[in-house]
Amino acid sequence: MKKIEAIIRKSRFEEVKKALLEADIEWFSYYDVRGNGKARQGRIYRGIVYDTSSIERTLVSLVVRDKNVEKSVQAILDAAQTGEIGDGRIFIMPVDDAVRIRTGERGDIALYNAEQEK
């Protein structure tokens, strides 16, 4: 199992969500986050200069079975990529175990409904 975290533009979230659903990845979490990047610029609004070095992004987090890692990453890449600076990053980390609280199932079976695979 792997945990995938993608930091993407807020404006591309709906496309990423749709791409993940089309790739049969139905469970993921997302959060509004702020961070600092290489892009530095000041914005002027009504004569006042505002520092915009703090960038608003969306963090998409999902845990998938090993067989679904590449299609998940590719779905995020295809939907989030604009080709401009600030498109974001994808991080892939190993997951040792997962437990479904309702049934106590452990391992990758805890990530999906086995009944649907029949």
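An account of the accompanying structure is given in this report.

How each quantity is defined
- Residues numbered from 1 in each chain as written.
- Predicted model: local features only at pLDDT ≥ 70, side-chain atom pairs only at ≥ 80, totals over all residues.
- Heavy atoms only, no water.
- Pairing = 2+ DSSP bridges.
- Helix = DSSP H or I, 4+ residues; strand = E, 2+ residues; numbered from the N terminus.
- Axes fitted to C-alpha atoms, helices over the stretch in contact; angles between N-to-C directions.
- Contact = heavy atoms within 4.5 Å.
- Buried < 20%, exposed > 50% of the residue type's maximum accessible area, 1.4 Å probe, protein only.
- Arc of directions from axis to C-beta.
- Expected span 1.5 Å × (residues − 1).
- Phe/Tyr/Trp six-rings, centres within 6.5 Å; stacked < 30°, edge-to-face > 60°.
- Lys NZ or Arg CZ within 6 Å of the ring centre and 35° of its normal.

## Notes on the sheet that holds strand E1 (residues 2–9)
Now for step 1: With antiparallel pairing, the four strands of this open sheet are ordered in space as E2-E5-E1-E6. If you trace the sheet from one side to the other, it starts and ends with strand E2 (29–36) and strand E6 (88–94), each paired once. Across the sheet, the mean angle separating the axes of adjacent strands is 25 degrees when strand polarity is ignored.
Now for step 2: The pairing of E2 with strand E5 (residues 54–64) spans eight bridges and is antiparallel. Bridge pairing in E5 links Tyr31 to Leu59.
Now for step 3: Along the sheet, helix H1 (residues 13–22) contacts E1, E2 and E5; its crossing angle with E5, the most-contacted strand, is approximately 10 degrees.

## Side note on H1
Now for step 1: Those residues of H1 lying buried are Phe13, Val16, Ala19 and Leu20. Projected onto a plane normal to the axis of H1, the buried residues spread over an arc of 125 degrees and lie on a single side. With respect to the buried face of H1, the exposed residues turned more than 90 degrees away are Lys18 and Glu22.
Now for step 2: Here the buried face of H1 lies against E1, E2, E5 and helix H2 (69–80).
Now for step 3: Note on H1: the residue one or two positions beyond its end, Asp24, has a positive phi of about 65 degrees.

## Things to note about H2
Owing to its 3.6 residues per turn, the α-helix aligns residues three or four sequence positions apart on the same side.
Now for step 1: Its twelve residues give H2 an end-to-end C-alpha distance of 16 Å, which sits within 8% of 16 Å, the value for a rise of 1.5 Å per residue.
Now for step 2: Those residues of H2 lying buried are Val69, Ser72, Val73, Ala75, Ile76, Ala79 and Ala80. Buried residues of H2 fall within an arc of 160 degrees about the axis and therefore sit on the same side. H2 presents Glu70 and Asp78 as exposed residues on the side facing more than 90 degrees away from its buried surface.

## With respect to the packing of aromatic side chains
Now for step 1: Inspection of the entire model under this criterion finds one aromatic pair.
Now for step 2: Seen in terms of ring centroids, Phe13 and Tyr30 are 4.4 Å apart; in terms of plane orientation they differ by 40 degrees. Their pairing is tilted. Here Phe13, found in helix H1, pairs with Tyr30, found in strand E2; they are 17 residues apart in sequence, far enough to count as distant.
Now for step 3: The exposure class of Phe13 is buried, given its relative accessible area of 9%.
Now for step 4: Assessed through its relative accessible area of 47%, Tyr30 is described here as partly exposed.
Now for step 5: Its guanidinium or amino end placed over the ring of Tyr112, Arg65 lies 3.8 Å from that ring's centre, counting from NZ or CZ.

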